[in-house]
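Overview (structure and organization)
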Amino acid sequence: MLAVCGGVGLTIMICITVFAIKYRRRYEGQLAIETHESPWAEWGWTIVPFFVFMVMFYWSAIIFFKHTTIPKNTLDVYVTGKQWMWKFQHLDGQREINQLHVPLGRPVRLVMSSEDVIHSFFVPAFRIHMDVLPKKTSYTWFEATKTGTFHLFCSQYCGTEHAGMIGSVIVMEPQDYEKWLISNSQGSMAIRGQELFNKLACNACHTGNAQARAPYLNNLYRKPITLESGEQVIVDENYIRESIYKPNAKIAAGYANIMPSYEGQLTEEEIQLLVAYIRAMGSGFDQMPPVSNPTGVQPYPAGGNPDGSLPYKAGQANQTPATGVPAPKAPTSAAEAPKAPQSSKTQPSKKE
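A few points on the structure.

Concerning the pairing of strand β1 (residues 75-82)
Among the eight residues of β1, seven are classified as buried, and the element is accordingly described as predominantly covered. As judged from the seven bridges shared by β1 and strand β5 (residues 108-114), these two strands associate in the parallel manner. Bridge assignment links Tyr78 to a residue of β5, and that residue is Val111. Looking at chain direction, β1 and strand β2 (residues 85-90) are connected through six bridges and run antiparallel. The partner of Gly81 across the bridge, within β2, is Trp86. Joining the antiparallel neighbours β1 and β2 is a turn of two residues.

A word on the sheet that holds strand β9 (residues 148-154)
Spatially, β4-β10-β9-β6-β7 is the arrangement adopted by the five strands of the open sheet, whose pairing is mixed. Edge positions in the sheet fall to β4 (99-103) and β7 (128-132), since each has one partner strand and no second. Pairs of neighbouring strands in the sheet enclose a mean axial angle of 20°, with direction left out of account. As paired strands, strand β6 (residues 119-123) and β9 are joined by two bridges and run antiparallel to one another. By the bridge assignment for β9, Phe122 is matched with Phe153. Lying on the sheet, helix α3 (residues 174-183) is in contact with β4 and β10 (166-172); it crosses β4 at an angle near 130°.

Quick notes on the pairing of β10
Of all seven residues in β10, six are buried, a share of seventy percent or more. Strand direction decides the pairing type here: β9 and β10, joined by six bridges, are antiparallel. Looking across to β10, one finds that Gly148 is bridged to Val171.

Side note on the sheet that holds β1
If you walk across this open sheet you meet the five strands as β3-β2-β1-β5-β8, and the pairing is mixed. This sheet does not close on itself; its edge strands, each paired only once, are β3 (95-97) and β8 (138-142). Neighbour-to-neighbour, the strand axes of this sheet turn through a mean angle of 25°, independent of strand direction. Most of the contacts of helix α6 (residues 268-280) go to β1, to which it runs at about 160°, and overall it touches β1, β2 and β5.

Digging into the side chain of Thr140
Along the polypeptide, Thr140 turns up in strand β8. Given the relative accessible area of 10%, Thr140 is considered buried. When sequence neighbours within four positions are dropped, the list of residues in contact with Thr140 reads Val108, Arg109, Leu110, Met112, Ile128 and Met130.

Each value, and the rule that gives it
- Residues numbered from 1 in each chain as written.
- Predicted model: local features only at pLDDT ≥ 70, side-chain atom pairs only at ≥ 80, totals over all residues.
- Heavy atoms only, no water.
- Buried < 20%, exposed > 50% of the residue type's maximum accessible area, 1.4 Å probe, protein only.
- Helix = DSSP H or I, 4+ residues; strand = E, 2+ residues; numbered from the N terminus.
- Pairing = 2+ DSSP bridges.
- Axes fitted to C-alpha atoms, helices over the stretch in contact; angles between N-to-C directions.
- Contact = heavy atoms within 4.5 Å.

Pasting the structure below:
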């Protein structure tokens, strides 16, 4: 394709030069002579190249979308760019600086963000080149096809020691990679994220029970969530980061704006730990969707109206829960009505 484009461009340049010399004006006052050549020739050199280049465009588009579409079941590695080093965190807990170990023949997705300025992750051998931005997550992926050590650069000038921000990608046989994982385990990102989650007292509001003042996070990763504006967004790395830094930017429907901002208090690596914990949260508890007015501070459990203060009647459809979880049917008799949570025994039980 490069040869075709180069040949066509060179031919056009030669034709322009030759015709410019041949048909130049030779004396002052010379006028152009109108000529009529075969229209078929003109149509031919117009239509034939058009279809040739359309075929090449279609072929290139297929390759582009195949390359930019991240496959499923990738091996995710979290990357942080910082003046002047690359930090890598594997989900199993391994952490590296300026070295990235990956297995042969498996797609690897890089989840990248910057701690300070704009960097650019560049591995020439893998044809990957992606900007790494502060306070924003960018993604790229690759699949190594042979073992070895490959150069890693930052291709975006990022400060006085930009030239020293280099590293290497080490591709290993799958069995060797598994051994390396075991020998360098430092505790999974999810576990460390859970410790940070509890340390920040996030579990005080994201409880999932009747006293929940914020959405329960189980099974929310990469799922849509409804905002108070009615818009739906995907709970991914960027949404979680924005919710931590600017919690009033996109408020989940049914919950009040009570979360404080943690901007300037957490590093990018700590944000990645929280994301790893949220994505690892399974179905230990069922989400308790609020049934109160979406602007209410204290949502009641779905189907519950213990003090009779809610605009809720027996046999009347309940409001749509914020997380897309189907709301339970309204009780048809006093015997079926749920009791108000009065003790720990009324909290939702953990699933097996």
